[in-house]
Amino acid sequence: QLYRQGVIADPNGVRNRVRLARSLYHLQDPDTAFKQIQIALSKKPGDPEGIRVFGGMLLAGGQAKQAEEALRPLVESSPQDGEAHRLLGVSLLAEQRFDDARQALQEAVDINPRDADAMFFLAQVEAQHQRPDKAMALLRRVVQLTPNRTEALTALAEMLIGKERF
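Along each chain, residue indices are assigned from 1 in the same order as the chain's sequence is written. Side-chain atom pairs in this predicted model are given and counted only at pLDDT of 80 or more, local residue features only at pLDDT of at least 70, and totals for whole chains, interfaces and linings cover all residues. Side-chain metrics in this entry use all non-hydrogen atoms of the structure; hydrogen atoms and water are not considered.

Novice: I would appreciate a short explanation of helix 2 (residues 15–26) in the present structure.
Specialist: One full turn of an α-helix is made of 3.6 residues, so residues set three or four places apart face in the same direction. For helix 2, built from 12 residues, the straight-helix expectation of 16 Å at 1.5 Å per residue is met to within 8% by its first-to-last C-alpha distance of 17 Å. Burial classes follow relative accessibility: with a 1.4 Å probe on protein chains only, a residue under 20% of its type's maximum area counts as buried, one over 50% as exposed, and anything between as partly exposed. Segments assigned H or I by DSSP are reported as helices when at least four residues long, segments assigned E as strands when at least two residues long, and all are numbered from the N terminus. Those residues of helix 2 not exposed but buried are R17, V18, L20, A21 and L24. The buried residues of helix 2 occupy one face: seen down the axis, they fall within an arc of 160°. In helix 2, the exposed residues that point more than 90 degrees away from the buried face are R15 and H26. Any helix carries an expected span of 1.5 Å times its number of residues minus one. Each direction from the helix axis to a C-beta atom contributes to the arc, which is the arc of those directions.

Novice: It is not clear to me how the layout of surface pockets should be interpreted in this structure. Could you clarify?
Specialist: Regions of empty space are outlined by a rolling probe, equal in size to a water molecule, passed over the atoms. Roughly 200 Å³ of internal volume is contained in the largest pocket. What lines the largest pocket is R22, Y25, H26, R52, V53, G56, M57, A60, E83, R86 and L87. Where the lining of the largest pocket is concerned, the elements lending two or more residues are helix 2, helix 4 (48–60) and helix 6 (82–94). When residues of the lining of the largest pocket are assigned to their parent elements, the largest contribution, 5 residues, is made by helix 4. With a 1 Å grid spanning the protein atoms alone, the term cavity applies to any set of points in which a 1.4 Å probe fits but cannot get out, the term pocket to an open set with protein on both sides within 12 Å along at least five of seven lines, and the term lining residue to any residue with an atom within 4 Å of a point. Grid points are joined across faces, edges and corners, and a volume is the space filled by probe spheres set on the points.

Novice: Is there a simple way to explain the nonpolar core in this structure?
Specialist: In a soluble, globular protein the nonpolar side chains are often hidden away together inside. We call a set of buried residues a nonpolar core when its members are Ala, Val, Leu, Ile, Met, Phe, Trp, Tyr or Cys and they connect through side-chain atoms within 4.5 Å of each other. By size, the foremost hydrophobic cluster in this structure holds 51 residues, and its most contacted members are I37, F54, M57 and L139. Contact definition: two residues touch when any of their heavy atoms are within 4.5 Å. If sequence neighbours within four positions are ignored, F54 has contacts with F34, I37, L41 and A70.

Novice: I keep staring at the pattern of salt bridges and nothing clicks. Help me out?
Specialist: Any two side chains of opposite charge can pair, so long as their charged atoms come close to each other. Only one rule defines a salt bridge in this text: a Lys or Arg side-chain nitrogen within 4 Å of an Asp or Glu carboxyl oxygen. Evaluated as defined, the whole model comprises 14 salt bridges. In this structure, R97 and D100 form a salt bridge, with 2.9 Å as the shortest nitrogen-oxygen distance. Judged by relative accessible area, which is 32%, D100 ranks as partly exposed. One salt-bridge network, in which partners are shared between bridges, spans K65, E68, R72, E95, R97 and D100.

Novice: Explanation requested: the packing of helix 4 against helix 5 (residues 64–77) in the structure shown.
Specialist: The geometry of a pair of packed helices is captured by two quantities: the angle between their axes and the separation between those axes. Helix 5 packs onto helix 4 with a crossing angle of 160° between their chain directions and a minimal axis gap of 8 Å. Comparing their axes, helix 5 and helix 4 come out roughly antiparallel. Between helix 4 and helix 5 the crossing geometry is left-handed. Contacts from P48, I51, R52, F54, G55, L58 and L59 in helix 4 reach A64, Q66, A67, A70, L71 and L74 in helix 5. For this classification, the nonpolar set comprises Ala, Val, Leu, Ile, Met, Phe, Trp, Tyr, Cys and Pro, the charged set comprises Asp, Glu, Lys and Arg, and every other residue, Gly included, is treated as polar. Its residues assigned to classes, the contact of helix 4 with helix 5 comprises 10 nonpolar, 2 polar and 1 charged. Axes, fitted as lines to C-alpha atoms, cover a helix only where it is in contact. Angles between the N-to-C directions of the axes lie from 0 to 180 degrees. When describing relative orientation, an angle under 35 degrees is termed roughly parallel and one over 145 degrees roughly antiparallel, while 65 to 115 degrees is termed roughly perpendicular and anything else oblique. A clockwise turn of the near helix away from the far one marks a right-handed crossing, whereas an anticlockwise turn of less than a right angle marks a left-handed crossing.

Novice: It is not clear to me how the side chain of D115 should be interpreted in this structure. Could you clarify?
Specialist: Among the secondary structure elements, D115 is positioned in the loop between helix 7 (98–111) and helix 8 (116–128). Under this definition, polar contacts are N or O atom pairs within 3.5 Å; protein pairs additionally need one hydrogen-donor-capable and one acceptor-capable atom, and for neighbouring residues in sequence, both atoms have to be side-chain atoms. Polar contacts involving the side chain of D115 include one to the main-chain amide nitrogen of A118, which spans 2.9 Å.

Novice: Could you clarify how one ought to interpret the environment of A137 in this entry?
Specialist: Relative to the helices and strands, A137 resides in helix 9 (residues 132–145). Given the relative accessible area of 43%, A137 is considered partly exposed. C-alpha of A137 to C-alpha of M119: the two residues are 18 residues apart in sequence and 9.6 Å apart in space.

Novice: Please clarify how unusual backbone geometry should be interpreted in this entry.
Specialist: Here the phi dihedral of Q96 falls at roughly 60°; this positive angle occurs in a residue that is not glycine. Inspection of the secondary structure assignment puts Q96 in the loop between helix 6 and helix 7. Despite not being glycine, Q130 shows a phi value in the positive range, around 60°. Secondary-structure assignment places Q130 in the loop between helix 8 and helix 9. The class for Q130 is exposed, based on a relative accessible area of 65%.

Printed below as a string of structure tokens:
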């Protein structure tokens, strides 16, 4: 509601419109969210927050290639944007471009060593590359950072059980 009021107060403003789009998306109103993010990006095409939100929406909607196309220019123009690297890495992972995904996700972790999401997805890439020790080390770090993250605990347990079989 607050962001909606901000958009009403400043219809040409981008910041509140991007945040409104993010909120609407999380409230399960993706159609309106997409409209709002498209309006925001039409007003300020290179807005980093807007591009990240748009890329995240595309990813959540299963449009990995479109997310990659939206995020790649942001990563190139803002090489220290760890979130953009993470989102790009996830899009590449979804496209099964594991080497490229590994590079983008490693960059995200290098920029922000506490980015548990980037580590979790990097662990998936390492497991795909048959590097279980690296994957498990990353998952252990994810669990340290986010102890209640069930998917990381489950993945780590599955890897440990699998390792015991060898």
